[in-house]
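# Understanding the architecture of this molecule
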Amino acid sequence: MPGITREEVAHLARLARLELKGEELDHFAGQLDDIIGAVARVSEVADQDVPPTSHPLPLTNVMRTDEVRPSLTPAQALSGAPAQEQQRFKVPQILGED
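These numbers were taken from a predicted model, which means no experiment stands behind them.

Assigned secondary structure in the protein consists of three helices and two strands. When the helices and strands of the protein are read in sequence order from the N terminus, they spell out α-α-α-β-β. Here the protein has a C-alpha radius of gyration of 32 Å; the compact-globule value for 98 residues is 13 Å, and the former is much larger. Burial status across the protein gives 8% buried among its 98 residues. The long-range fraction of contacts in the protein, counting pairs at least 24 apart against all pairs at least 6 apart in sequence, stands at 27%. Here the protein contributes 9 positive and 16 negative side-chain charges, whose respective centroids are spaced 10 Å apart.

Structure representation (structure tokens):
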């Protein structure tokens, strides 16, 4: 594969509305060539025998299943509350909304 030329870098710079100096064109041409080469190598690594994955390690669900268990009644839960209203904790208004 041919390398990235100064003219191609200058064209990309114009498209991106970047003003590059001559030495920057040479510098970026080499860097872009290295990047494109690295991407090409990654493309070569993928093999037909390797199934696509969304994560490199197997994931398992660590959540337990929901089970109904005995718990506090609303009256028990609100028994220590300083104020309550309609089976809810009543707190001072802080946002100035109704």
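Once you've had a look at it, read on.
The next point concerns helix α2 (residues 22-45). Side chains that are three or four residues apart share a direction in an α-helix, a result of its 3.6 residues per turn. Between its terminal C-alpha atoms α2 stretches 35 Å, which fits the 34 Å expected from 24 residues at 1.5 Å a residue. Against the buried residues of α2 lie α1 (6-15).

Now for the packing of α1 against α2. Closest axis-to-axis distance for the α1/α2 pair is 9 Å, and the angle between their directions is 100°. Put simply, α1 runs roughly perpendicular to α2. Of α2, the residues touching α1 (which contributes R6, V9, A10 and L12) are G22, L25, D26, F28, A29 and L32. A per-class count over the contact of α1 with α2 returns seven nonpolar, one polar and two charged.

This part is about the environment of A13. As for its position among the elements, A13 is in helix α1. In this structure the C-alpha to C-alpha distance between A13 and P56, which are 43 residues apart in sequence, comes to 37 Å.

Reading the values: rules and limits
Residues numbered from 1 in each chain as written. Predicted model: local features only at pLDDT ≥ 70, side-chain atom pairs only at ≥ 80, totals over all residues. Heavy atoms only, no water. Helix = DSSP H or I, 4+ residues; strand = E, 2+ residues; numbered from the N terminus. Rg over C-alpha atoms; globule rule 2.2 N^0.38 Å. Buried < 20%, exposed > 50% of the residue type's maximum accessible area, 1.4 Å probe, protein only. Contact = heavy atoms within 4.5 Å. Lys, Arg positive; Asp, Glu negative; His and termini not counted. Charge placed at Lys NZ, Arg CZ, Asp CG, Glu CD. Expected span 1.5 Å × (residues − 1). Axes fitted to C-alpha atoms, helices over the stretch in contact; angles between N-to-C directions. Parallel < 35°, antiparallel > 145°, perpendicular 65-115°, else oblique. Nonpolar A, V, L, I, M, F, W, Y, C, P; charged D, E, K, R; others polar.

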